[in-house]
2 protein chains.
Amino acid sequence: MEDQFIKIASLIGDPVRAIIMWTLLDGKAFTATELAIAVSTSPQNISMHLAKLLDAGLLCVEKQGRHKYYRFSNKEVAYAIEAMASLIPPETPQKKNPEKHSPIKNCRTCYDHLAGKIGVAVTESLLKQNIILDSDAKFELSPEGVKWFSDFGINLEDLKKQRRLFLKPCLDWSERKNHIAGSIGASLLDKMIADDWLRRTKDSRAIQITGKGEKELFRYFKIVV
Amino acid sequence: MEDQFIKIASLIGDPVRAIIMWTLLDGKAFTATELAIAVSTSPQNISMHLAKLLDAGLLCVEKQGRHKYYRFSNKEVAYAIEAMASLIPPETPQKKNPEKHSPIKNCRTCYDHLAGKIGVAVTESLLKQNIILDSDAKFELSPEGVKWFSDFGINLEDLKKQRRLFLKPCLDWSERKNHIAGSIGASLLDKMIADDWLRRTKDSRAIQITGKGEKELFRYFKIVV
DNA sequence: GTAATACTTCAGTACAGATTTAACTATGAT
DNA sequence: ATCATAGTTAAATCTGTACTGAAGTATTAC
């Protein structure tokens, strides 16, 4: 079993493959070429690395014409990468450009639920409005919360049918605060994109907030972007 | 930030260091020499590797005379390693000796709470006896449960004072089933060791079940060892 | 049809970083 | 005081594996 673990660890341990995993963290699928650019290496090289990750079952691939789209093969992979990222020392000894933080930090998707600054802020607001309750480090939905989500246009009954966790906290490593994950977190993100509050950018590492989103985020959550 | 992630990933990605982390998974502290033996490499080499892990903050060390005891510096490290271990493909295409499974598989400590076959079985029994309740993929303690734990000799009030999570499920990768983690899980393990149901073995990768433990595990949980 | 794009395969090379050899310090045992 | 054990440090060597270059297939565009 040890050797199996070594195999996984050294797979992720290579610099090129580490960046591949890091890049795939937002849950979107990338083509081989896109990944080659993200990692700044040659197509041959990325091909070799992707083959290894594929072989180990960490990634899966979907062929579309002459393109191949790579993504994590399951949630566990994303969680493992997040867990490793959480080990990055919290120091942050004041970068040169303290305010030139990339949009990623503002609003990234943590696999498929809402994360980053916005995710944390939304969660805090939901807590403050007693829509969700924080009981002993786990989240619960309040009776008012049920009504709120229905008003917001999210059907909780549909969500409950999904096998995945309904409502769970998730420690976001870039903010070091809890935000909601699970199907509710994912559906919030979906709804915000559907209503054009947020847009995925082309290269998809980050999420942009639209003008409408800016207003609505303040209206619903008192978040100032 | 990427470079920080690469650093962590390639630290864990080296075969020797991967086994070190794997070995430390049971939460016990090991000396440098013990680790050198576990990894089967030279003292000089293990010293170099431990220095790197220490420098990155993944491990911490406690000096006792001429010995140095190494352990994970925090829970996050253990969780990250567990998360990586969960990526080991589940295949298990029928080993040669199907029943010669090592004691580790029977009963290992998952950082410091009870895991492995016994941990899962205990959890199932607690659920069946309605001592803990499984509500929407999170565990809750029932009123009867409060009494049960007090009868069992575990003071829940003391546990609640600890900052760490009181009761939470934890997917054990070797069994692929939920078992209880958090302070209750840890205290169950402590109690069982204190009452000599279980004993840590010398090299501590596994836990042995005593004769007494065998009887009591059946009496309390209907577990046949 | 031809050209261009997306990706793969294979053999040869290079190099970072692990390991070894050797000499060192510090604590504990007799 | 002497020896053994636990661990460290430094320079020399060795090696696995990533990378390069060259040549291939498959799909789309024109």
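Since we're looking at a predicted model, the values are computed, not measured.

Reading guide: rules and limits
Residues numbered from 1 in each chain as written. Chains lettered and ligands numbered in written order. Predicted model: local features only at pLDDT ≥ 70, side-chain atom pairs only at ≥ 80, totals over all residues. Heavy atoms only, no water. Pairing = 2+ DSSP bridges. Helix = DSSP H or I, 4+ residues; strand = E, 2+ residues; numbered from the N terminus. Contact = heavy atoms within 4.5 Å. Axes fitted to C-alpha atoms, helices over the stretch in contact; angles between N-to-C directions. Buried < 20%, exposed > 50% of the residue type's maximum accessible area, 1.4 Å probe, protein only.

(A) Fine view of the sheet that holds strand β2 (residues 59-64) of chain A. Residue and element names in this part refer to chain A. Spatial strand order, β1-β3-β2: 3 strands in an open sheet with antiparallel pairing. Both outer strands of the open sheet, β1 (30-31) and β2, are each paired with one neighbouring strand and no more. When β2 meets strand β3 (residues 67-72), the two strands line up antiparallel, connected through 6 bridges. Residue pairing across strands places V61 opposite Y70, the latter belonging to β3. Across the sheet, helix α2 (residues 15-24) is in contact with β1, β2 and β3; its angle to β3 comes to roughly 85°.

(B) Representation of the sheet that holds strand β2 (residues 59-64) of chain B. Residue and element names in this part refer to chain B. The strand order β1-β3-β2 describes an open sheet built from 3 strands, whose pairing is antiparallel. The outermost strands of the open sheet, each flanked by one partner alone, are β1 (30-31) and β2. Pairing between β1 and strand β3 (residues 67-72): 2 bridges, direction antiparallel. Each bridged residue has a counterpart across the sheet, and for F30 the counterpart in β3 is Y70. Docked against the sheet, helix α2 (residues 15-24) engages β1, β2 and β3, running at close to 85° with respect to β3. Sheet strands in contact with helix α4 (residues 43-55) are β2 and β3, and its direction is about 120° off that of β2.

(C) Up close: the side chain of E216 of chain A. Residues and elements named next belong to chain A. Here E216 is to be found in helix α11 (residues 211-221). Accessibility expressed as a relative area gives 15% for E216, which makes it buried. In this structure, E216 is in contact with W197 and F221, ignoring residues within four places of it in sequence.

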